[in-house]
Amino acid sequence: MALADYINDKPVIETERLTIRPMCAGDVPALKEWLPDPSIYTYWGKGPSKAEKNPELLFEKNEKPTKSFHLGIEEKASGKVIGDIYVYLIENDRMASVAIRLAPVCQGKGYGTEALSAMTSFCFEHTELQRLWTEVDMQNISSQKMLEKCGYTREGLIRQGKMVNTWCDYYIYGKLVSDK
């Protein structure tokens with residue numbers, strides 16, 4: 001398979017406790033529980049958008065076909081979307097950036113590690129991506145620990161760089177398909 005195979009049909013990835021899948025309008029009630037919460041934007045690089053404050057807006061427009069992924073993280077036990085994960089900024093079908101966020105009540109339970117590990121494995125096993133990378137605010141210790149548990153390596157420090165819309169010190173983490 002290749003990224004091009006997922007332009008219109010996004011994957012569904014199962015783990016022990018999670019289903020990583022495309023989101024739909026039926027997820028709006030669950031999204032309203034956590035997506036507008038300002039605390040999840042502390043290290044996101046920007047505040048909530050209009051659509052993040054009003055999740056029903058996410059489903060008003062038809063999505064354009066893209067190789068990028070923006071998938072919901074559903075907790076199987078509750079059937080609710082408790083987070084989302086992105087694979088984006090794809091360059092030459094070889095490398096991409098990843099990002100993940102979880103509802104505050106679901107943080108610290110291993111869901112982030114489980115979802116990121118599954119998404120990373122999917123990308124390396126089912127697409128031609130060779131490298132995944134991300135930026136993490138230096139102060140975001142929890143995300144650094146999660147990335148390291150998933151086999152990502154801290155590759156560098158950007159001092160007073162622009163991370164999305166925020167100027168801060170941040171680390172670059174990366175993982176190669178050849179990393180064990």
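Our structure is the block above this text.
In this report, we go over the structure that sits alongside the text. Treat the numbers as computed from the prediction; the structure is a model and nothing was measured.

### Focus on unusual backbone geometry
Line of reasoning, step 1. Phi at L89 is positive, roughly 50 degrees, even though this residue is not glycine.
Line of reasoning, step 2. Relative to the elements of secondary structure, L89 occurs in strand β4 (residues 80-91).
Line of reasoning, step 3. For L89, a relative accessible area of 47% translates into the label partly exposed.
Line of reasoning, step 4. A positive phi angle, close to 55 degrees, is found at N92, a residue other than glycine.
Line of reasoning, step 5. Secondary-structure assignment places N92 in the loop between β4 and β5 (95-102).

### Some details on the packing of helix α3 (residues 111-126) against helix α4 (residues 141-149)
Line of reasoning, step 1. The interhelical angle for the contact between α3 and α4, taken along N-to-C directions, is 45 degrees, at an axis separation of 9 Å. Relative to α4, the element α3 lies oblique. Two packed elements cross with a definite hand, and for α3 against α4 that hand is right-handed. On α4, the residues touching G112, T113 and L116 of α3 are M146, L147 and K149.
Line of reasoning, step 2. A per-class count over the contact of α3 with α4 returns three nonpolar, two polar and one charged.

### A few points about the sheet that holds strand β3 (residues 69-75)
Line of reasoning, step 1. Across the sheet, which stays open at both edges, the eight strands sit in the order β1-β2-β3-β4-β5-β6-β8-β7 with mixed pairing between neighbours. Here the strands that pair on one side only, and so sit at the sheet edges, are β1 (13-14) and β7 (153-163).
Line of reasoning, step 2. Both strand β6 (residues 131-137) and strand β8 (residues 166-176) contribute to a ladder of seven bridges, which runs antiparallel. Bridge pairing links T134 to Y173 in β8.
Line of reasoning, step 3. The strands that α4 touches are β5, β6, β7 and β8; relative to β6, the one it contacts most, it runs at about 160 degrees.

### Notes on the state of the cysteines
Line of reasoning, step 1. A complete count under the given rule lists zero disulfides for this structure.
Line of reasoning, step 2. Here C123 stays unpaired: no disulfide links it, and the sulfur of C150, its closest cysteine neighbor, is 12 Å away.
Line of reasoning, step 3. On the basis of relative accessible area, C123 is assigned to the buried category, the value being 0%.

### Observations regarding the side chain of T120
Line of reasoning, step 1. Secondary-structure assignment places T120 in helix α3.
Line of reasoning, step 2. From its side chain, T120 meets the backbone oxygen of L116 in a polar contact 2.8 Å long.
Line of reasoning, step 3. Discounting residues that sit within four places of it in the chain, T120 has contacts with L132, Y152 and K175.

### Examining the nonpolar core
Line of reasoning, step 1. Counting residues in each nonpolar core, the largest one holds 44 residues, and the members touching the most others are F69, V87, M119 and L132.
Line of reasoning, step 2. The dominant element in this core, judged by the number of residues it contributes, is α3, at eight residues.
Line of reasoning, step 3. In this view, M119 contacts I13, I20, F69, L71, I85 and V87; residues no more than four positions away in its chain are not counted.

Cut-offs used in this document
- Residues numbered from 1 in each chain as written.
- Predicted model: local features only at pLDDT ≥ 70, side-chain atom pairs only at ≥ 80, totals over all residues.
- Heavy atoms only, no water.
- Helix = DSSP H or I, 4+ residues; strand = E, 2+ residues; numbered from the N terminus.
- Buried < 20%, exposed > 50% of the residue type's maximum accessible area, 1.4 Å probe, protein only.
- Axes fitted to C-alpha atoms, helices over the stretch in contact; angles between N-to-C directions.
- Parallel < 35°, antiparallel > 145°, perpendicular 65-115°, else oblique.
- Left-handed = near helix turned anticlockwise from the far one by under 90°.
- Contact = heavy atoms within 4.5 Å.
- Nonpolar A, V, L, I, M, F, W, Y, C, P; charged D, E, K, R; others polar.
- Pairing = 2+ DSSP bridges.
- Disulfide = S-S within 2.5 Å.
- Polar contact = N/O pair within 3.5 Å; in protein donor to acceptor, adjacent residues only side chain to side chain.
- Core = buried A, V, L, I, M, F, W, Y, C linked by side-chain atoms within 4.5 Å.

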